[in-house]
Every structure is written in C-alpha cells, then in structure tokens.
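Below, each chain spelled out in residue letters.
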Amino acid sequence: MSKGASCVLEQIDEFHWRVPQTYKPGMRVEGRIVTDARQLELLLKDQAVEQVANAAFLPGIVKYSLAMPDIHWGYGLPIGGVVATDVDAGGVITPGGVGFDINCGVRLLRTALESEEIQGKVEELTCALYKAVPAGVGSKGFLRLTEQDERKLLVKGALWAVEAGFGTREDLEFTEEQGQMQSADPDAVFKHAYERGRLQSGTLGSGNHFLEIQKIDNIFDEKAAQTLGLHKGQVTIMIHTGSRGFGHQVCTDYVKIMLECLRKYDIHVPDRQLACAPVTSVEGQAYLGAMRCAANYAWCNRQILTYLTRQVFEKFFASSWEHLGMQVVYDVAHNIAKIEQHTVEGKQRTLCVHRKGATRAFGPGHIAVPLLYRELGQPVIIPGDMGRNSYLLAGTEQAMEESFGSTCHGAGRLKSRSQALRTLNQQTVLNDLRQKGICVRAATKGTICEEAPEAYKNVNDVVDIVHSAGISRKICRMRPLGVLKG
Amino acid sequence: MKNKPKAYEILEHTADIGIRVFAKDINGLFCNAAYGMCDLIAGKKKDGRVQSGAGSITIDIELRASDREELLVAWLSELLTHIDTRTLMFTEFKILELTAHKLRARATAEALTPDNYDLKTEIKAVTYHQVQLQWQGDTMRAEVFFDV
C-alpha cells in the first residue's frame, strides 16, 4: 500500500499538516490536513493522504486541497475532503468530489421528552421505529410516485414532502437550503436514476445510515443550547441518510460522462474517479442540475423519515407530535458541491465548493443561517458511531477564512468492513452496547459488526480537534439510547 | 481432486469494499466480477426455494466504453441498476461479444426475496478507483472497488 504522501507530510502547527505541492508533478496547490498528532497516526495506514494530493490536480483549485480530521480513504477525493475551484478561472466540478450518496446528511429533531420519561421504554420504541421505517438492503418506501410526481419532487425537495402533508413550513426554515436547492434540472437526470429513485423515497438505506433516539449528556454552551431549544437530559432524534439509489445513479451516470470530458478538455488527473469538467461547461452545468435534483431527493427523504418518526412517537405516547415538541433543530448535507462566494487572498470569488464527508459550517451573521440562529453561526450536526456520541456544533468565522466554511462530518472509519466482520462477534457487540444502555435493531445481516464502535475513530477526539482548531465550536453532545440501522 | 481456482477475493478498504477477480480469459473475468459483486449483495440460502427456471428471466445487455476498465465498471453498474430497480439477483452470465470497447451479454436472474437470499451489503455504486485489468502469468486479474 502506498504511503508516499504520508512520508512527506510537514507539520505547520498543532492542528495543521501540509502535503507539499512538490510532492507530485501536476499538483496545482498544496494539500492541507486539519488533525492532531494522534489522529495523524491513524490516517497513515491507508491511502487517504495520497488522495489529498491527487485532488490538488483539479484545474482551478484554490488555496489547498483540504481534509478534515475524520479523513479516511475514499475514492477520488478522500472522505473528509474539501476542494474549492474558481468558477471564473476554469475551475472544475467533479462528481468524485461529492460522492455517490449525494446529500448524505443529518437531521436533528428535539423533543419535549426528558430521558427519564422514556426509561424502560426505549427497546419498545426502537422496535416500533424498526417496524415503521423501511431500512436495509432492498427496502422500499410507502410512496408510489409517477414520473411526473418524481420530477416535481426533484425540483421542490423537502417542500414537496411538506406540500404532500409530511411536514410543516417550519421544518423547511431549519433545513440547509430550506431543503430545496435552486436550479435543479430534472431533464439532466437519466432514466436509470428515475427508476432507482422511484421506490426508495422514505427509506433509511443501510451501511452507516441510522435513526437514533438520543439524550443530551453534555452542554458546552448554555446560551447557544437555549437558543436552539436544547438542554441536558432532553431526548433528541437523529436521522442520517441520503439520496438513496437515485443519487448513486446520478453520480454513476455523470462520472462516465466526465471521463469523456477529461479527453475533451485535455484534463489530467491521477484517478479516474476524479473525472471532471469545467463548472461552466455544458457537462458541468448538467451535472450540477442533476446533482441538485439528488440533493433535493435527499432532503425530501429526510423529511419523509421525520414524518414516519413523528407518527411512531404519536402512536407510542398517544399524543400529537406537536405536543411532544418534535421540531427540526437543523438539517445538514455532508456530501455536496455548492456555488458559494468566498474571500480568497482579499478578493471575493465565486467558488465551487466540494464537501465530501465534510459539513458546511458558516459563521455567525451569515445570511444562509436561519435568522433565529444567525448570531450563533450555522448549526453543524456530527453523527458518531452507535456506541459513543454525536454532537451539535456551530460554524465560525475562522471556518470562513480557513476551510471555505467547512468542518468535519463524523467519526471516520478506522477498520474496514471485512476486518470488522472478521474480528468482531455480533452478540458481543450487542451485549456491550446493552451494558451501556443502548438498544440496537439492524435490518441487514452483518451491519452490527460492520458498524460497531470499534470500527470507528472516537468522534470525541475528532470534534475536539475541529473545536480546538477553531473551525467550529461545541454546543452540546448527545449519546445514543435506541439505534435503528439499515 | 484438484481444487477449483478461486474466482475472486475480497480487498480491504477502510470505508468501502473491493474484489480482486481471477479468470483464464477476459470473458471469464467479466463473469467472475459479476458473480463477486452479486455475492457481496446477497447469498443464496441453503434452504432457499429452488428456482427451476420457471421464475427466472433473462436480460440482454449491450454496452460501449473507451477501454476495458471502463467497460468492466459499466457492466457491473448496469447489473447493479437491474438488481436495485427490479429487486432481482443474477444467477448466470453469458458473454456474447467482448472487445476493447463493446460488450454484449445475456444475464439470467431470479427474484431477490428474503425467503431465498440472505441480504448482506447494499452496494451503492461501482467506482473507477484503482480499477485495473492485467495478465499475471496465464491468469487474468482485475481489481474493482464498490461504494457501500
């Protein structure tokens, strides 16, 4: 396994490492990794650092090819990668910089329940969610959409779900992009994506996707938590999923098209999965239009899962979801490309910011942040593994200056899935979790071991780095009580 | 008795999963890659209902690509789309024509149900990451990674 790039890493300060531009001929900028010495050891085991260097080949890239502390080996860009290209200077867009699960993301709901109120009921509640929420390989949603319906859904995103009775306007207010990316183009989506998406809306999926009942176990910023309607001991719900087969197919179709673009536009990248085209090209615009459809599909998906969750709670507690206080705190994407304005070297520039396993973290006062939260900075939701914690952070001004308004997205994997399956025993993992007071239901064989806490880095370490490095700040921490996995 | 040569092996990847495929020729390589991917998704149950051909369907596939690596990814991607949209599992593959730029094949499939199969891994997509085909002695091998 190549460790070339790892060997040339230069430490800049306590939380920043550099892959020099001279490491590979063809790198247009240096690589930059936000991490600490302990996490760095973990990432030297695979090819993630090499991928940071590879991303630096992308035409139009500005400042550096960046990676967050949850970086791990992906394809094309590493997971945890952030790349910004200058749209007006021939900057490219690459589907490999977004990933197959377009707008994989996380939604956090608050409730009016205290953890003591659900003590002894979590297992039953998790089972009720397991029955109501389609999850796992081959699962299908309850919606039966015509192609016309699907086209509307792709343009309207979460608004489509709200108009269909699966949520409220307030849900949209507290969703990134209000759950609807503008300029989505259903004509840029190919037939197979429509086919794959039709039956999967309102499904959780599998792998690392989950629906969790949690409790807040630590508050770091009382005032911010109060503004967000959160307090210690409160029950929250976290939904982690994306655009399902629809997004996977959009990416598959466009990587193929972008491979042709490498030849057409004479672009040289060291990995085919970094196939790309200028943002302003016909192909670049078509991908953006299709990717926005997939992003909207994902926001609609998380809205429908919110609806299903509220239904389960309503039935379980014999009370309305409004009375149970099940409102959206926020909803973020962590696999996406966006056209954003950023200041680079003192100049305002229009950038195509790719976040692949990275979360937007706009600072206080940014117009994209809901008015209620604007003074705090954008809420950032960081899901952890099923045995440790998840976090709510806020974006910072430093993130705007340093990381194109971005931060980490999760814990990051440590063990491969096959290694986890080989070395862990399902019953032992379940028993360990049960001893910690965590109840787990999984739809697919193997998921428990593949997704065991031991397979992940410790999210607490990752979040400590982004907090100490200043690219986001801690507001509160949650711990899982009941976990539904795909 | 001589052991049957292995058709594929699992490749470690931190977040995803890959396979290294072996065959005596390129037609076999494309078939074994398809079998490998299908095995990752679901395993036939020992007591699963035997499909005696009555419930099986055949799907004709024709694809074009710039080179054999891209053709391999296109082939597996096409099969994956059928698995995902039609909830079926492939049981047999027949390569009818395979050149550097073109593939014609016929695949046989049956319903993918929890009665017949243990569902294992949801493969989101086939990636081009480090995809390569090469001869090693008299064996042809390929490596391909899947996003899961």
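Structure's up top.
Residues numbered from 1 in each chain as written. Chains lettered and ligands numbered in written order. Predicted model: local features only at pLDDT ≥ 70, side-chain atom pairs only at ≥ 80, totals over all residues. Heavy atoms only, no water.

A. Broad picture of the overall build of chain B. Scanning chain B for helices and strands turns up two helices and 10 strands. If you list the helices and strands of chain B from N to C, you get β-β-α-β-β-α-β-β-β-β-β-β. Buried positions account for 57% of the 148 residues belonging to chain B. In chain B, 64% of the contacts between residues at least 6 apart in sequence involve partners at least 24 apart. Entry remark: accessible area of chain B is about 6700 Å², with carbon and sulfur atoms responsible for 48%. (Helix = DSSP H or I, 4+ residues; strand = E, 2+ residues; numbered from the N terminus. Buried < 20%, exposed > 50% of the residue type's maximum accessible area, 1.4 Å probe, protein only. Contact = heavy atoms within 4.5 Å. Areas by Shrake-Rupley, 256 points an atom, 1.4 Å probe, with all protein chains shown as cover.)

B. Seen up close, the packing of aromatic side chains. Residues and elements named next belong to chain B. For the structure on display, the rule yields 18 aromatic pairs over all chains. Between tryptophan 75 and phenylalanine 93 the ring centres are 5.7 Å apart and the planes differ by 75°, which places this aromatic pair in the edge-to-face class. A residue pair is termed long-range when its members are at least 10 positions apart, and tryptophan 75 in helix 2 (residues 68-86) and phenylalanine 93 in strand 5 (residues 88-98) qualify at 18 residues. Here tryptophan 75 matches phenylalanine 93 in class, with each residue buried. (Phe/Tyr/Trp six-rings, centres within 6.5 Å; stacked < 30°, edge-to-face > 60°.)

C. Just unusual backbone geometry, in detail. Residue and element names in this part refer to chain A. Phi at glutamine 178 takes a positive value of approximately 55°, unusual for a residue other than glycine. Within the secondary structure layout, glutamine 178 lies in the loop between helix 7 (169-173) and helix 8 (191-198). One non-glycine residue, alanine 318, adopts positive backbone phi at about 50°. Turning to its location among the elements, alanine 318 is positioned in the loop between helix 11 (282-317) and strand 11 (328-333). Judged by its relative accessible area of 69%, alanine 318 is exposed.

D. Quick look at the interface of chain B and chain A. Facing 37 residues of chain B, the contacting portion of chain A comprises 45 residues. Buried surface at the junction of chain B and chain A, both sides included, amounts to about 3400 Å², of which 48% is carbon and sulfur. Notably, a salt bridge pairs Glu70(B) with Arg263(A), separated by 3.5 Å at the nearest N-O pair. Remark: the boundary between chain B and chain A carries 23 residue pairs in polar contact (both at pLDDT 80 or more). Elements that contribute at least two residues to the side of chain B that touches chain A include exactly helix 2, strand 7 (117-119), strand 8 (125-126) and strand 10 (139-147) of chain B. Here the element with the most residues in the side of chain B that touches chain A is helix 2 of chain B; it accounts for nine residues. By residue class, the composition of the side of chain B that touches chain A is 13 nonpolar, 11 polar and 13 charged. (Buried area = accessible area lost by both parts, 1.4 Å probe. Salt bridge = Lys/Arg side-chain N within 4 Å of Asp/Glu carboxyl O. Polar contact = N/O pair within 3.5 Å; in protein donor to acceptor, adjacent residues only side chain to side chain. Nonpolar A, V, L, I, M, F, W, Y, C, P; charged D, E, K, R; others polar.)

E. Quick look at the pattern of salt bridges. What the rule picks out here adds up to 49 salt bridges over all chains. When the shortest N-O distance is used, the salt bridge between Glu340(A) and Arg355(A) registers 2.9 Å. Within this pair, whereas Glu340(A) is found in strand 12 (residues 335-344), its partner Arg355(A) is found in strand 13 (residues 347-356), the two being separated by 15 residues in sequence. The exposure class assigned to Arg355(A) is buried, which follows from its relative accessible area of 1%. Across the pair Glu97(B) and Lys102(B) runs a salt bridge, and its minimum N-O distance is 3.6 Å. Beyond isolated ion pairs, a larger network of salt bridges with shared partners links Glu260(A), Arg263(A), Arg272(A), Asp67(B), Glu69(B) and Glu70(B).

F. Structural detail: the packing of helix 8 of chain A against helix 2 of chain B. In the contact formed by helix 8 of chain A and helix 2 of chain B, the axes pass within 9 Å of each other and the chain directions differ by 35°. By crossing handedness, the relation of helix 8 of chain A to helix 2 of chain B is classed as left-handed. On helix 2 of chain B, the residues touching His192(A), Glu195(A) and Arg196(A) of helix 8 of chain A are Glu78(B), Leu80(B), Thr81(B), Asp84(B) and Thr85(B). Taken together, the residues of the contact of helix 8 of chain A with helix 2 of chain B break down into one nonpolar, three polar and four charged. (Axes fitted to C-alpha atoms, helices over the stretch in contact; angles between N-to-C directions. Left-handed = near helix turned anticlockwise from the far one by under 90°.)

G. Local environment of the sheet that holds strand 13 of chain A. Residue and element names in this part refer to chain A. Strand order in the open sheet formed by seven strands is 1-2-3-4-5-13-12, with mixed pairing between adjacent strands. Two strands in the sheet have a free side with no partner beyond their single neighbour: strand 1 (10-13) and strand 12. Strand-to-strand twist of the sheet, defined as the mean angle between neighbouring strand axes without regard to direction, takes the value 35°. In terms of strand pairing, strand 4 (residues 64-75) meets strand 5 (residues 77-86) through four bridges, oriented antiparallel. (Pairing = 2+ DSSP bridges.)

H. Quick peek at the sheet that holds strand 5 of chain B. Residue and element names in this part refer to chain B. The strand order 4-6-5 describes an open sheet built from three strands, whose pairing is antiparallel. The open sheet has two edge strands with one neighbour each: strand 4 (57-64) and strand 5. Going from strand to strand, the sheet's axes swing by 25° on average, the running direction of each strand aside. Pairing between strand 4 and strand 6 (residues 102-111): eight bridges, direction antiparallel. Within the sheet, the bridge partner assigned to arginine 64 lies in strand 6 and is lysine 102. Where helix 1 (residues 26-41) meets the sheet, it contacts strand 5 and strand 6, and its direction lies at approximately 165° from that of strand 5.

I. Just the pairing of strand 9 (residues 234-241) of chain A, in detail. All names here are of chain A. Counting buried positions over the eight residues of strand 9 gives eight, a clear majority of the element. Because side chains alternate across strand 9, one face comprises the buried residues Gln234, Thr236, Met238 and His240, and the other comprises Val235, Ile237, Ile239 and Thr241, equally buried. Where strand 7 (residues 105-114) lies against strand 9, seven bridges are found, and the strand directions are antiparallel. Opposite glutamate 114, over in strand 9, you have glutamine 234 as the bridge partner. Here strand 8 (residues 210-219) pairs with strand 9 via six bridges, running antiparallel. If you follow glutamine 214 over to strand 9, its bridge partner there is threonine 236.

J. The nonpolar core, seen in detail. Ile33(A), Phe30(B), Met37(B), Trp75(B), Leu76(B), Phe90(B) and Phe146(B) are the most contacted members of the largest nonpolar core, which has 129 residues in total. Sorting elements by how many residues they give to this core places helix 11 of chain A first, with 11 residues. If you look at the next biggest cluster of nonpolar residues, it comprises 92 residues, including Ile118(A), Leu376(A), Ile438(A) and Ala469(A). (Core = buried A, V, L, I, M, F, W, Y, C linked by side-chain atoms within 4.5 Å.)

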